[in-house]
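Reading the structure
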Amino acid sequence: MDGMSKELRRFNYLMGEIDAAYHEAALNLGLSDSAMRILYVLCGCGSFRCSLREVCLCSGLSKQTVNSALRKLEGEGLAFLEPIGTKGKDVCLTDAGQALAEGTVARLIAVEDAILGSWPAEDVEKYLSLAEQYLTAFREKAKHLGNR
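Before going into details, it helps to say that this report is about the structure given with it. Predicted, not measured: the structure shown is a model, and the values here were computed from it. Just so you know, the residues in each chain are numbered from 1, in the order the chain's sequence is written. Two thresholds apply to this predicted model, a pLDDT of at least 70 for residue-level local features and 80 or more for giving and counting side-chain atom pairs, whereas whole-chain, interface and lining totals are computed over all residues. Hydrogens are left out, water is left out, and the side-chain values use all remaining heavy atoms of the structure.

Mapped onto the secondary structure, E112 falls in helix α6 (residues 105-117). Using a 1.4 Å probe on the protein chains alone, a residue whose accessible area is under 20% of its type maximum counts as buried, one over 50% counts as exposed, and one in between counts as partly exposed. In this structure E112 comes out as buried when scored by relative accessible area, which is 16%. Between two residues, a contact is recorded if the distance between any of their heavy atoms is within 4.5 Å. With residues up to four places along the chain from it excluded, the contact list for E112 reads Y22 and Y40. A polar contact of 2.3 Å, which involves the side chain of E112, links it to the side chain of Y22. Strands are runs of DSSP state E lasting at least two residues, helices are runs of H or I lasting at least four, and both sets are numbered from the N terminus onward. Polar contacts, as counted here, are pairs of nitrogen or oxygen atoms within 3.5 Å of one another; within protein the pair requires one atom able to donate a hydrogen and one able to accept it, and residues that are adjacent in sequence qualify only if both atoms are side-chain atoms.

Structure representation (structure tokens):
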């Protein structure tokens, strides 16, 4: 094995720094990383409500981590689960949860939008397109890691 290319080292460094920056943002907002991700998804839904399945999918968190964080948010009076149909549940923010989301993650979303909004449209499209291509290729190749 030849080790890692300098491009891959740079990529990993940048990914780690982005993760660290979001962790620092969560701390600055007085939130745990998982609470910030859940509130972020709920803010993104526009109605402070979406399915538990969507929260798991869009947050990138495991179902166990989401459930643990939701129990804490419920205990703080910030969120609740509402049964939908026979199997589904919606995650909903209380008025206090909505106020918290508006005072925290909505500000973070505004920062992100401002950054992307300051880039030329073709740069935003190229960045997103390359990130999508990388993700698609990685997922496909990662499927075969167990097959030697």
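On the surface, M15, I18, Y22, V111, I115, L116, W119, Y127 and L128 cluster together into a nonpolar patch covering about 780 Å² of accessible area. Put simply, the parts of the chain that give the nonpolar patch at least two residues each are α1 (6-28), α6 and α7 (121-142). Among the secondary structure elements, W119 is positioned in the loop between α6 and α7. Nonpolar side chains (Val, Leu, Ile, Met, Phe, Trp, Tyr) within 5 Å and like charges within 9 Å form the patches, drawn only from residues with over 30% relative accessible area and no salt bridge. For the area figures, the Shrake-Rupley method with a 1.4 Å probe applies, and any residue is considered shielded solely by the protein chains shown. Between Lys or Arg on one side and Asp or Glu on the other, a salt bridge is scored when a side-chain nitrogen of the former is within 4 Å of a carboxyl oxygen of the latter.

Residue placement: S34 occurs in helix α2 (residues 33-45). Looking at S34, the relative accessible area reads 17%, which means it is buried. Dropping the residues within four chain positions of it, S34 is found in contact with L61, T65 and A69.

Our next topic: α2. Since the α-helix turns once every 3.6 residues, residues separated by three or four places project in the same direction. Expected span of a helix: the number of residues minus one, times 1.5 Å. Across its 13 residues, α2 extends 19 Å between first and last C-alpha, which sits within 8% of the 18 Å expected from 1.5 Å per residue. Where α2 terminates, the next one or two residues include G46, which has phi positive at roughly 85°.

If you walk through the whole model with that rule in mind, you get four salt bridges. Two residues, E82 and R49, come together in a salt bridge whose shortest N-O distance is 2.2 Å. Of this pair, E82 sits in strand β2 (residues 79-84) while R49 sits in strand β1 (residues 49-51), and the two are 33 residues apart along the sequence. Among the ionic pairs, K72 bridges to E76, the shortest N-O distance being 2.7 Å. Residue classification places K72 among the exposed positions, given a relative accessible area of 55%. Its relative accessible area of 44% is what places E76 among the partly exposed residues. Where salt bridges share partners, they join R49, E82 and D90 into one cluster.

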